[in-house]
Amino acid sequence: MSSWTFSTKYWQTHLLDVYQTQHVHSSYICFQACDMWSLGVIIYIMLCGYPPFYSETPSKQLTKNMKRKIMAGQYEFPQDDWQHISPLAVDLVKK
């Protein structure tokens, strides 16, 4: 059973958009930033059990609204799922 969370399309869109806006000489910074962003997403999933960004349309892996939220860094920490997570862990995800 595969999960859309770990599909190549889920990660690829963000990586390609960031890469296209960077110059060749700054590719290390670009990929380091992408690695840190990905680590934040993975930590978020490990702490609460679901990804910070998700498709509102089950038949699509990446909707326009989801892409907008990813690019803007808009995500939430629902109280019901995050009430037992330490403030330090939440701060780590935010950084």
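Residues numbered from 1 in each chain as written. Predicted model: local features only at pLDDT ≥ 70, side-chain atom pairs only at ≥ 80, totals over all residues. Heavy atoms only, no water.

**Quick notes on the overall build of the chain**
Piece 1. Scanning the chain for helices and strands turns up five helices and zero strands.
Piece 2. Its helices and strands taken in sequence order, the chain reads α-α-α-α-α from the N to the C terminus.
Piece 3. When contacts within the chain are restricted to residue pairs at least 6 apart in sequence, long-range pairs at least 24 apart make up 51% of them.
Piece 4. Just so you have it, the chain exposes about 7,100 Å², and 59% of that area is on carbon and sulfur atoms. (Helix = DSSP H or I, 4+ residues; strand = E, 2+ residues; numbered from the N terminus. Contact = heavy atoms within 4.5 Å. Areas by Shrake-Rupley, 256 points an atom, 1.4 Å probe, with all protein chains shown as cover.)

**Brief notes about the packing of aromatic side chains**
Piece 1. One pass over the structure, following the stated rule, counts eight aromatic pairs.
Piece 2. Look at Tyr75 and Phe77: their rings are 5.4 Å apart centre to centre, the planes differ by 75°, and that puts the pair in the edge-to-face class.
Piece 3. On the accessibility criterion, Tyr75 (28% relative accessible area) is partly exposed. (Phe/Tyr/Trp six-rings, centres within 6.5 Å; stacked < 30°, edge-to-face > 60°. Buried < 20%, exposed > 50% of the residue type's maximum accessible area, 1.4 Å probe, protein only.)

**Quick look at the environment of Ser55**
Piece 1. Structurally, the position occupied by Ser55 is in the loop between α2 (27-48) and α3 (64-72).
Piece 2. For Ser55, a relative accessible area of 17% corresponds to the buried category.
Piece 3. Along the primary structure Ser55 and Met66 are separated by eleven residues, whereas in three dimensions their C-alpha atoms are 5.9 Å apart.
Piece 4. Here Lys60 takes part through its backbone oxygen, which lies 2.7 Å from a polar atom of the side chain of Ser55. (Polar contact = N/O pair within 3.5 Å; in protein donor to acceptor, adjacent residues only side chain to side chain.)

**Some remarks on the pattern of salt bridges**
Piece 1. Applying the stated criterion across every chain yields a total of two salt bridges.
Piece 2. The salt bridge involving Asp91 is made with Lys95; its shortest N-O contact spans 3.3 Å.
Piece 3. Given the relative accessible area of 32%, Asp91 is considered partly exposed.
Piece 4. When its relative accessible area of 77% is taken as the criterion, Lys95 is described as exposed. (Salt bridge = Lys/Arg side-chain N within 4 Å of Asp/Glu carboxyl O.)

**Points about the nonpolar core**
Piece 1. In terms of nonpolar packing, the biggest core is built from eight residues, these being Ile43, Tyr44, Cys48, Trp82, Ile85, Ala89, Val90 and Val93.
Piece 2. When residues of this core are traced back to their parent elements, those giving at least two are α2 and α5 (87-94).
Piece 3. Not counting residues within four places of it along the chain, the set of residues in contact with Ile43 comprises Leu92 and Val93.
Piece 4. If you look at the next biggest cluster of nonpolar residues, it comprises six residues, including Trp37, Ile45, Met66 and Ile70. (Core = buried A, V, L, I, M, F, W, Y, C linked by side-chain atoms within 4.5 Å.)

**Notes on α5**
Piece 1. Turning to α5, its buried residues number three or more, namely Ala89, Val90 and Val93. Taken around the axis of α5, the buried residues stretch over an arc of 100°, which confines them to a single face. What points out from α5, more than 90 degrees from its buried face, is the exposed set Pro87, Leu88 and Lys94. (Arc of directions from axis to C-beta.)

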